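Structural overview
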Protein chains: 2
Amino acid sequence: MTTTDDDRRPKYQRIADSLREAIRSGEYGPGDRLPGENDLMATHGVARMTARQALSVLKDEGIAESRKGAGVFVRSFRPLRRRGIQRLAQEQWGSGRSIWSADIENRTLVVDQVAVSEEEAPERIGQVLDLGADDTVCVRRRRFVLDEKPVLLATSYLPTSVVAGSAITQEDTGPGGTYARLAELGYKPVHFREEIRSRMPTKHEAEQLSISAGTPVILICRTAFADEGRPVEINEMTLDAASYILEYDFDA
Amino acid sequence: MTTTDDDRRPKYQRIADSLREAIRSGEYGPGDRLPGENDLMATHGVARMTARQALSVLKDEGIAESRKGAGVFVRSFRPLRRRGIQRLAQEQWGSGRSIWSADIENRTLVVDQVAVSEEEAPERIGQVLDLGADDTVCVRRRRFVLDEKPVLLATSYLPTSVVAGSAITQEDTGPGGTYARLAELGYKPVHFREEIRSRMPTKHEAEQLSISAGTPVILICRTAFADEGRPVEINEMTLDAASYILEYDFDA
């Protein structure tokens, strides 16, 4: 294993380490103000630049965030727990509950933007949905907000040939949502695949999700399959990584 | 929905957008050199600083990376596909195959660092494993390398009371690995929970994983449960997000 010789590390790293440890131990909790540059200069006998670099390390790691004129604060991380498998169980969407309700415990997750349109299928979508060259898709774009903070962008693609004329093409899909409607149309989703990646947000994503600097996004691409492995929906989701823990529970 | 008025956006953003689109369309593929500052200055009639900012946007998003003296290149993303559920199926570890083999198709994932020790349990670990104040844990720290690039750090914690004297306390756990040994000890894992987060790496993680700037890590905390819901292992994994796609397949 790599050995760490702390004494050889730059001072700002050692200060950052001690602050990080103080946060981990709970000495500074979520939302607490961290010592400022002046405090760190006095406590550690270092120059302002060194103190600033130490705080930058924690900000770059997404542990702390600056608030203009107020200082540097421990980031509040009270994430949503998204249970990938249970939340898609049939009893969730079959009973008319929102499939999102499993996300939120007692907190209120709200759709504050929704747009539905018929569009040409992007190439990657057309390939997975096995569409012909002239086939279009119903595209449902939504943004979800928790406690007034946007946390999730979701864009669903469904074959027009499957959903034309149904409530899926409306902003309000009705009780049970898209999956209940697909079931009524004879395309009940029976299997799901979720693919997860993470990267830094694009400028547009950072704006749409009000993401703090130094915070990545999690990308989930979910494909829903009806009987005989027929793909009926692709949902591309972009999550503020600071707002979510994803959980998957399964048997060996 | 938010409307985008492209003409009002800063020039460097519009240049970054056009480069991003060219990458998405395949005009520039993984590993290709992007136009340099001089090229962008000539093509778009902008100052060097604007050209530099445009390239910075793509680097910050993790789409492109600088190579010293050679320019800016489209990042090669040939990720490992980690199938969360299938890879932990009993037939994988019961038969003596490495549970990691499902990760790698025809590529060679190698453990290049391994350390095993008996330690006091960190508080969060003791709580989940339901340990007494004096109970210790067997800690297995490993680093996994693919094509000479480190991609995964994994630290497993197992109750000493369960694993003492077994091969789990050795560097080489033998055929079938830790889970096969746990089964022999009467603690066969029958259920798993994986919790996933993403954030920027700490300095130490970035060094251990040779992570490029602007790349987050994915954290997976897996808990393995034996019969009657008894937790027998916690594995905290840190993945280079640019190297992995996580996949979960499950029925509704």
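None of the values given here were measured: they were computed from a predicted structure. (Residues numbered from 1 in each chain as written. Chains lettered and ligands numbered in written order. Predicted model: local features only at pLDDT ≥ 70, side-chain atom pairs only at ≥ 80, totals over all residues. Heavy atoms only, no water.)

1. Side note on the packing of helix α2 (residues 37-44) of chain A against helix α3 (residues 48-60) of chain A
Two measures define how a pair of helices packs: the angle their axes make with one another and the distance between the axes. Residue and element names in this part refer to chain A. Two elements in contact, α2 and α3, have axes whose closest approach is 9 Å; the angle formed by their N-to-C orientations is 115°. It follows from the interaxial angle that α2 and α3 lie roughly perpendicular. Two packed elements cross with a definite hand, and for α2 against α3 that hand is right-handed. Touching E37, N38, L40 and M41 of α2 are R48, A51, R52 and L55, all from α3. Across the contact of α2 with α3, the residue classes tally to four nonpolar, one polar and three charged. (Axes fitted to C-alpha atoms, helices over the stretch in contact; angles between N-to-C directions. Helix = DSSP H or I, 4+ residues; strand = E, 2+ residues; numbered from the N terminus. Parallel < 35°, antiparallel > 145°, perpendicular 65-115°, else oblique. Left-handed = near helix turned anticlockwise from the far one by under 90°. Contact = heavy atoms within 4.5 Å. Nonpolar A, V, L, I, M, F, W, Y, C, P; charged D, E, K, R; others polar.)

2. What about helix α1 (residues 11-24) of chain A?
The terminal C-alpha atoms of α1(A), which comprises 14 residues, lie 20 Å apart, in line with the 20 Å expected from a rise of 1.5 Å per residue. Within the sequence span of α1(A), burial applies to Y12(A), Q13(A), I15(A), A16(A), D17(A), L19(A), R20(A), A22(A) and I23(A). The elements touched by buried residues of α1(A) are α2, α3 and β2 (71-74) of chain A together with α8 (203-208) of chain B. Directly after α1(A), the chain includes G26(A), whose backbone phi takes a positive value near 95°. (Expected span 1.5 Å × (residues − 1). Buried < 20%, exposed > 50% of the residue type's maximum accessible area, 1.4 Å probe, protein only.)

3. Side note on the pattern of salt bridges
Overall, the coordinates contain 26 salt bridges over all chains when judged by the stated rule. In this structure, R124(B) engages E236(B) in a salt bridge whose closest nitrogen and oxygen atoms are separated by 2.8 Å. Taken as a pair, R124(B) in helix α5 (residues 123-129) and E236(B) in strand β9 (residues 230-240) lie far apart in primary sequence, 112 residues in all. Judged by its relative accessible area of 23%, E236(B) falls in the partly exposed class. Here the salt bridges do not stand alone but share partners, grouping E37(A), R48(A) and R52(A) into one network. (Salt bridge = Lys/Arg side-chain N within 4 Å of Asp/Glu carboxyl O.)

4. Thoughts on the side chain of R222(B)
Residues and elements named next belong to chain B. Tracing the chain through its elements places R222 in strand β8 (residues 217-226). You can call R222 buried: its relative accessible area is 1%. Only 3.1 Å separates the side chain of R222 from the side chain of Y179, close enough to count as a polar contact. (Polar contact = N/O pair within 3.5 Å; in protein donor to acceptor, adjacent residues only side chain to side chain.)

5. Examining the pairing of strand β7 (residues 191-199) of chain B
Relative to β7(B), strand β10 (residues 244-251) of chain A runs antiparallel, the two being bridged by six bridges. Each bridged residue has a counterpart across the sheet, and for L246(A) the counterpart in β7(B) is I196(B). (Pairing = 2+ DSSP bridges.)

6. Remarks on helix α7 (residues 177-184) of chain A
All names here are of chain A. The buried fraction of α7 is high, at six of eight residues. When α7 is considered as a whole, its buried residues turn out to be G177, T178, Y179, A180, R181 and L182. A positive backbone phi angle near 90° is found at G186, which sits one or two residues after α7.

7. Focus on the interface of chain B and chain A
Residue-level contacts link 48 residues of chain B with 48 residues of chain A. Between chain B and chain A, roughly 4200 Å² of surface is buried when both sides are summed, and carbon and sulfur atoms account for 57% of that area. Linking chain B with chain A are four salt bridges. Between R193(B) and E247(A) there is a salt bridge whose closest N-O contact spans 3.7 Å. (Buried area = accessible area lost by both parts, 1.4 Å probe.)

8. Some words on the domain arrangement of chain A
On domain assignment, one finds that chain A holds domain 1 (11-74) and domain 2 (80-246). Domain 1 of chain A and domain 2 of chain A are separated by 38 Å when their C-alpha centres are compared. (Domains from an automatic or database assignment.)

9. A short note on the sheet that holds strand β7 (residues 191-199) of chain A
Either a parallel or an antiparallel arrangement is found when strands of a sheet pair, and the pairing is made through backbone hydrogen bonds. Here eight strands make up an open sheet; going across it, the order is β4(A)-β5(A)-β6(A)-β9(A)-β8(A)-β7(A)-β10(B)-β3(B) and the pairing mixed. Of all the strands in the sheet, the pair left with one neighbour each is β4 (109-120) of chain A together with β3 (80-83) of chain B. The average angle at which neighbouring strand axes cross in this sheet is 20°, direction not considered. Pairing geometry for strand β8 (residues 217-226) of chain A and strand β9 (residues 230-240) of chain A, over ten bridges, is antiparallel. From the neighbouring strand, L219(A) faces β9(A), where its bridge partner is T238(A).

10. Let's talk about the environment of E171(B)
All names here are of chain B. Locating E171 in the fold gives a position in the loop between α6 (160-163) and α7 (177-184). Residues E171 and Q113, 58 residues apart in the sequence, show an inter-C-alpha distance of 9.9 Å. Contact partners of E171, with chain neighbours within four places excluded, come to V114, V116 and R140.

11. Some remarks on the relation of the copies chain B and chain A
Two copies of one chain are present, and they are related through a rotation about an axis combined with an axial shift. Overlaying chain B on chain A yields an RMSD of 0.1 Å, the required transformation being a rotation through 180° with an accompanying axial translation of 0.0 Å. Seen this way, the second copy is the image of the first under a two-fold rotation axis. Mapped onto chain A, 100% of the interface residues of chain B again fall at the interface, so both copies present the same surface. (Least-squares fit on C-alpha atoms with pLDDT ≥ 70 in both.)

12. Section: the packing of aromatic side chains
Tallied over the full model, the rule gives five aromatic pairs over all chains. When the ring of F192(A) is compared with that of F250(B), the centres are 6.0 Å apart and the planes differ by 35°; the resulting orientation is tilted. Taken as a pair, F192(A) in strand β7 and F250(B) in strand β10 (residues 244-251) lie in two separate chains rather than in one. Here the two residues F192(A) and F250(B) agree in accessibility, since each one is buried. Joined through ring pairs, the aromatic side chains of Y179(A), F192(A) and F250(B) make up one cluster. (Phe/Tyr/Trp six-rings, centres within 6.5 Å; stacked < 30°, edge-to-face > 60°.)

13. Some words on unusual backbone geometry
The backbone phi angle of S210(A) is positive, close to 45°, even though this residue is not glycine. We classify S210(A) as partly exposed; its relative accessible area is 43%. Unlike most non-glycine residues, E228(B) shows phi in positive territory, near 60°. The residue E228(B) is located in the loop between β8 and β9 in this model.

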